[in-house]
Amino acid sequence: MENGQARPFMTICASSSTLMGGRGMSTHDRINTVERVCTDLVRHGHPVTFTAVAKATGLSRSTLYRDTDLRAIVEHHKHAKTTETPMTVITEEITTLRAAVNTLAEQIRSHEEQLRRLRD
C-alpha cells in the first residue's frame, strides 16, 4: 500500500522481473517468481488467486495447478492471515529459501552423479 491505497495490479505485473511466459525458466526461477508475485499481491492489498499469479508471472494457470510446489505457494498465500508479523514473514521467507536450496542441492547431486557416470 502506498499512501493508504492499494498499488494497481498492473504495476505488480509490470514489476515482476521475469515475465517470460515461463519459457526458459528453471524450476527454481518459477518458484522464486511465484513467491515474489504472491508476496507483492498480499503486500499491496490484492487477493492472491491463480489467475492473478498467472497473469503477473506469465505462467499458465494449468502450470500453477499442476506443479505441486507452485500450487502450494499460491495456496499458502491465498489462505494466509493478513495480520502477519514481520517475524512470521521472515520465517516464511526462510522456509521458502530452504526449499529452494534443497531443490538446488538435489540438482547438484544429480549432475554430479551424471558426471561420474560419464567419466566411467
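Reading the values: the criteria
- Position numbers for residues start from 1 in each chain and track the written sequence from start to end.
- Under the rules for a predicted model, residues below a pLDDT of 70 receive no local features and side-chain atom pairs below 80 are neither given nor counted, while totals for whole chains, interfaces and linings still include all residues.
- Water and hydrogen atoms were dropped before computing side-chain values, which therefore reflect all heavy atoms in the structure.
- The helix and strand labels rest on DSSP assignments: H or I over at least four residues marks a helix, E over at least two residues marks a strand, and numbering proceeds from the N terminus.
- With a 1.4 Å probe rolled over the protein chains alone, any residue whose accessible area is under 20% of its type maximum counts as buried; one over 50% counts as exposed, and the rest are partly exposed.
- A contact between two residues is defined here by any heavy atoms of the two lying within 4.5 Å.
- The protein chains shown are the only cover counted for residues, whose accessible areas, like all others here, come from Shrake-Rupley with a 1.4 Å probe.
- Values of pLDDT, ranging from 0 to 100, describe the predictor's confidence in every residue of the model.
- Residues grouped as a nonpolar core are buried Ala, Val, Leu, Ile, Met, Phe, Trp, Tyr and Cys residues, joined through side-chain atoms within 4.5 Å.
- Salt bridge, as used here, is a side-chain nitrogen of Lys or Arg placed within 4 Å of a carboxyl oxygen of Asp or Glu.
- Polar contacts, as used here, are pairs of N or O atoms within 3.5 Å; protein pairs need one atom able to donate a hydrogen and one able to accept it. Residues neighboring in sequence count only if both atoms are side-chain atoms.
- Patches here are clusters of residues that have more than 30% relative accessible area and form no salt bridge, with a 9 Å joining cutoff for like charges and a 5 Å cutoff for nonpolar side chains (Val, Leu, Ile, Met, Phe, Trp, Tyr).

Caption draft 1: Layout of the overall build of the protein. Per the secondary structure count, the protein includes six helices and zero strands. Across the protein, helices and strands are ordered from the amino to the carboxyl terminus as α-α-α-α-α-α. Each of the 120 residues in the protein was classed as buried or not, and the buried ones make up 29%. The long-range fraction of contacts in the protein, counting pairs at least 24 apart against all pairs at least 6 apart in sequence, stands at 61%. Summing over all exposed atoms, the protein offers an accessible surface of approximately 8000 Å²; the carbon and sulfur share of this is 55%.

Caption draft 2: Expanded view of the confidence of the model for the protein. Put simply, the protein has an average pLDDT of 80, and 76% of its residues get 70 or more. Confidence scores differ between elements of the protein, with helix 1 (residues 9–15) showing the lowest mean pLDDT of 51 and helix 3 (residues 50–57) the highest of 95. Every residue in residues 1–5 is under pLDDT 50, and counting partners more than four places away or in other chains gives four contacts. Low pLDDT, under 50, characterises residues 14–20; the predicted model gives this stretch 17 contacts beyond four residues in sequence or across chains.

Caption draft 3: Local environment of the nonpolar core. Grouped together as the largest cluster of nonpolar side chains are 16 residues, with contacts concentrated most on Val 34, Cys 38, Val 53, Leu 64 and Val 74. Broken down by secondary-structure element, the contributors of at least two residues to this core are helix 2 (27–43), helix 3 and helix 5 (68–79). With residues near it in sequence (within four places) discarded, Val 53 still touches Val 34, Val 37, Cys 38, Leu 41, Val 48, Leu 64 and Val 74.

Caption draft 4: Seen up close, the pattern of salt bridges. For the structure on display, the rule yields three salt bridges. Glu 113 is the salt-bridge partner of Arg 116, the closest N and O atoms lying 2.8 Å from each other. On the criterion of helical spacing, the pair formed by Arg 116 and Glu 113 is a turn pair, its members being three residues apart in helix 6 (residues 86–119).

Caption draft 5: Geometry of the side chain of Thr 57. Here Thr 57 lies in helix 3. For Thr 57, a relative accessible area of 0% translates into the label buried. There is a polar contact of 2.8 Å between the side chain of Thr 57 and the backbone oxygen of Val 53. There is a polar contact of 3.2 Å between the side chain of Thr 57 and the backbone nitrogen of Leu 59.

Caption draft 6: Molecular detail of the environment of Leu 97. Looking at the element boundaries, Leu 97 is found in helix 6. Overall, the relative accessible area of 52% leaves Leu 97 in the exposed class. Counting along the chain gives 65 residues from Leu 97 to Asn 32, while the straight-line C-alpha distance between them is 8.7 Å.

Caption draft 7: A look at a nonpolar patch on the surface. Taken together, the side chains of Met 87, Ile 90 and Ile 94 present a nonpolar region at the surface, about 300 Å² in accessible area. As for its position among the elements, Ile 94 is in helix 6. Take Ile 94: its relative accessible area is 43%, and that puts it in the partly exposed class.

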